[in-house]
Amino acid sequence: MNMGSLSDLKNPLATQLESSVLLQRWRALAARERLALAGLALFLVLVVLYLLLWQPARQGVTAARSAFEQQRALHAYLQVQAPAARGLASKPRTSLDPARLQGLVTASAAEQGLAVERLDSDADGSLQVSLQPAPFAQLLRWFAALEHQGVQIAEASLARSEDNRVTARLTLQVAL
């Protein structure tokens with residue numbers, strides 16, 4: 001594009017601007033009115049800049065501070081709890097021989113007053129257990145006792161039966 005074509009483009013735009021209704025109205029206004037409109041236009045530009053630039057940036061900073069404080073509180077909590085976690089990690093876990101799983105399950109069920117209806121051993125070392133209906137709280141105590149002895153509940157199916165009792169079908173395995 002050469003200079004001649006730029007001036008060729010500029011002339012029609014200048015002519016169109018000179019003949020525009022807005023420019024004619026602007027020139028027809030008194031100096032005081034032009035000053036007031038220019039001040040209003042400046043105010044509107046500042047408001048738009050505030051709403052589009054400053055306010056989102058300020059909200060981002062506020063959100064970042066909030067997230068930082070949450071992370072700081074989490075870090076402090078983890079620092080306080082770290083010695084307890086290290087203590088638990090250093091405790092020796094109860095290791096259970098998979099061959100003793102069936103005997104342990106039947107003995108602990110009898111201790112808790114639960115009646116085993118059916119026991120099936122699977123090839124992978126897990127044990128399928130069906131219990132006769134029992135109170136739910138009693139089942140929960142038995143579950144906790146099993147977990148404490150190194151038994152993990154892989155699957156559980158609980159169904160409510162008569163007299164607010166629960167029938168349980170479980171797949172148990174040695175905890176890793």
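Residues numbered from 1 in each chain as written. Predicted model: local features only at pLDDT ≥ 70, side-chain atom pairs only at ≥ 80, totals over all residues. Heavy atoms only, no water.

Q: Let's hear about the side chain of Gln138: which residues, and what values?
A: The residue Gln138 is located in helix 5 (residues 136-148) in this model. Within the structure, the side chain of Gln138 is placed 3.3 Å from the backbone oxygen of Gly113, a separation counted as a polar contact. Ignoring sequence-local partners within four residues, the contact set of Gln138 consists of Gln112, Gly113 and Leu114. (Helix = DSSP H or I, 4+ residues; strand = E, 2+ residues; numbered from the N terminus. Polar contact = N/O pair within 3.5 Å; in protein donor to acceptor, adjacent residues only side chain to side chain. Contact = heavy atoms within 4.5 Å.)

Q: Give me helix 5: which residues, what numbers.
A: The terminal C-alpha atoms of helix 5 lie 19 Å apart, and with 13 residues this matches the ideal 18 Å at 1.5 Å per residue to within 8%. Here helix 5 has its buried residues at Gln138, Leu139, Trp142, Phe143 and Leu146. All buried residues of helix 5 fall inside an arc of 140° around its axis, so they share one side. More than 90 degrees from the buried face of helix 5, the exposed residues found are Glu147 and His148. Directly after helix 5, the chain includes Gly150, whose backbone phi takes a positive value near 95°. (Expected span 1.5 Å × (residues − 1). Buried < 20%, exposed > 50% of the residue type's maximum accessible area, 1.4 Å probe, protein only. Arc of directions from axis to C-beta.)

Q: Help me get a handle on the pairing of strand 2 (residues 127-131), residues and values and all.
A: Strand 2 sits mainly inside the fold: four of its five residues count as buried. Sheet analysis places strand 1 (residues 116-121) next to strand 2, joined by five bridges and oriented antiparallel. Pairing of Ser121 across the sheet is with Leu127, part of strand 2. (Pairing = 2+ DSSP bridges.)

Q: How would you sum up a nonpolar patch on the surface? Please name residues and give values.
A: On the surface, Leu42, Val45, Leu46, Val48, Leu49, Tyr50, Leu51, Leu52, Leu53 and Trp54 cluster together to form a nonpolar patch covering roughly 1,000 Å² of accessible area. By the element assignment, Val45 lies in helix 3 (residues 31-90). The exposure class of Val45 is partly exposed, given its relative accessible area of 47%. (Patch = residues over 30% accessible without salt bridge, like charges linked within 9 Å, V, L, I, M, F, W, Y side chains within 5 Å. Areas by Shrake-Rupley, 256 points an atom, 1.4 Å probe, with all protein chains shown as cover. Salt bridge = Lys/Arg side-chain N within 4 Å of Asp/Glu carboxyl O.)

Q: Explain the nonpolar core to me, and be specific about the residues and the numbers.
A: Core analysis: the biggest nonpolar cluster contains 18 residues, and Val105, Leu114, Val129, Leu131, Leu139, Trp142 and Leu172 have the highest contact counts within it. Going through the elements one at a time, helix 4 (101-111), strand 2, helix 5 and strand 4 (165-174) are the ones with two or more residues in this core. In this structure Trp142 touches Val105, Ser108, Ala109, Gln112, Leu114, Val129, Leu131, Leu170 and Leu172, once residues within four positions along its chain are discounted. (Core = buried A, V, L, I, M, F, W, Y, C linked by side-chain atoms within 4.5 Å.)

Q: Tell me what's going on with the pattern of salt bridges, and back it up with residues and numbers.
A: Under the counting rule described, the total for this entry stands at two salt bridges. Its salt-bridge partner being Glu69, residue Arg72 comes within 3.7 Å of it at the nearest N-O pair. With Arg72 and Glu69 both in helix 3, this residue pair falls three residues apart, about one helical turn. When its relative accessible area of 47% is taken as the criterion, Arg72 is described as partly exposed.

Q: If you had to explain the packing of aromatic side chains to someone new, which residues and values would you point to?
A: For the coordinates displayed, the defined rule picks out one aromatic pair. Ring centres 6.0 Å apart and planes at 40° place the aromatic pair Trp142 and Phe143 in the tilted group. Comparing Trp142 with Phe143 shows no difference in burial state: the two are buried. (Phe/Tyr/Trp six-rings, centres within 6.5 Å; stacked < 30°, edge-to-face > 60°.)

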